[in-house]
Amino acid sequence: MKKNISILLLSVAFNFLNAQTYPTGLVVNDKAPEFTAKDQNNKSVTLTNLIKKGPIVIVFYRGEWCPYCNKQLKNLEDSLTLIVKKGATLIAITPETRENVDKTITKTKLTYSVLSDDSLKIMNAYKVAFTLDAKTTEKYKGYGISLNERNGSNGNNLPVPAVYVINKEGKITYSYFDKDYRNRVSVKEIVSHL
């Protein structure tokens, strides 16, 4: 009996610690947190103003250095008319500095708004931010990726590459959240939820 209680307590403690380490993301029917940030054109982007126009698709990406992110962002750009035809607005959010956002734009030829999330305010509000462990941070450095240089004051923090669709009432109507950064939702799936 004591052994079972000890195992249960260890399991609860492990789950608590695990919950502290990894973000959980928002889910369908959650109220989308308000935000305001500047895009690559120095235009102020505010959720309240965007939802007046129609649904919003928010894509969180890790950075210009991530080939999975670049492929996803480019696929969204290539299919942007499908999203716009549904009356929706697409925005991407990253922890990278403004200079590195410009590199993403150059590399992928994006025409939709890309926001640099200063101080991780948006990523924390949407529950996608996490701190990369020291071992993985060092591994990335071995590949020439210094997150401190890429992210500036955001350091070695990254988002889970989540996607949220938000309706005109400010509610999340679709959520894609997968901790495996290699897995990405298709444009077809996103459009089907607009």
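What you are looking at is a predicted structure, and each value in this text was computed from that prediction instead of being measured. Along each chain, the written sequence defines residue order, and numbers are assigned to residues from 1. Per-residue local features of the predicted model are confined to residues with pLDDT of at least 70, and side-chain atom pairs are confined, for both listing and counting, to 80 or more; whole-chain, interface and lining totals are unaffected and use all residues. Calculated side-chain values reflect all of the structure's heavy atoms, with hydrogen atoms and water omitted.

Caption draft 1: Representation of the layout of surface pockets in the model. Taken as a whole, the largest pocket holds about 500 Å³ of empty space. Taken together, 23 residues line the largest pocket, and the ones lying closest to its centre are Arg62, Leu132, Thr136, Tyr140 and Tyr181. Taken together, the elements giving at least two residues each to the lining of the largest pocket come down to α3 (67-78), β6 (129-131), α7 (134-142) and β7 (157-159). At 3 residues, the largest contribution of residues to the lining of the largest pocket is made by α7. Gly is placed with the polar residues, together with every amino acid not listed as nonpolar (Ala, Val, Leu, Ile, Met, Phe, Trp, Tyr, Cys and Pro) or charged (Asp, Glu, Lys and Arg). Looking at the lining of the largest pocket residue by residue, the class counts come to 16 nonpolar, 3 polar and 4 charged. With a 1 Å grid spanning the protein atoms alone, the term cavity applies to any set of points in which a 1.4 Å probe fits but cannot get out, the term pocket to an open set with protein on both sides within 12 Å along at least five of seven lines, and the term lining residue to any residue with an atom within 4 Å of a point. Around the second largest pocket, the lining residues are Tyr68, Lys71, Gln72, Asn75, Leu76, Arg182, Arg184, Val185, Ser186, Val187 and Ile190. Numbering of helices and strands runs from the N terminus; a helix is a DSSP stretch of H or I covering at least four residues, while a strand is a stretch of E covering at least two. Every element with two or more residues in the lining of the second largest pocket is listed here: α3 and α9 (187-191). No other element matches the 5 residues that α3 contributes to the lining of the second largest pocket. Taken together, the residues of the lining of the second largest pocket break down into 5 nonpolar, 3 polar and 3 charged. Grid points are joined across faces, edges and corners, and a volume is the space filled by probe spheres set on the points.

Caption draft 2: A look at helix α5 (residues 98-108). Residue burial is assigned from relative accessible area. The probe radius is 1.4 Å, only protein chains are included, and a residue is buried under 20% of its type maximum, exposed over 50%, and partly exposed in between. Of the positions making up α5, those classed as buried are Asn100, Val101, Thr104, Ile105 and Thr108. The buried residues of α5 all sit within an arc of 155° when viewed along its axis, so they share a single face. Summarising the geometry of α5, the exposed residues directed more than 90 degrees from the buried face are Glu99 and Thr106. Remark: Lys109 follows α5 within two positions and exhibits a positive phi of approximately 60°. When we speak of the arc, we mean the arc of directions from the helix axis to the C-beta atoms.

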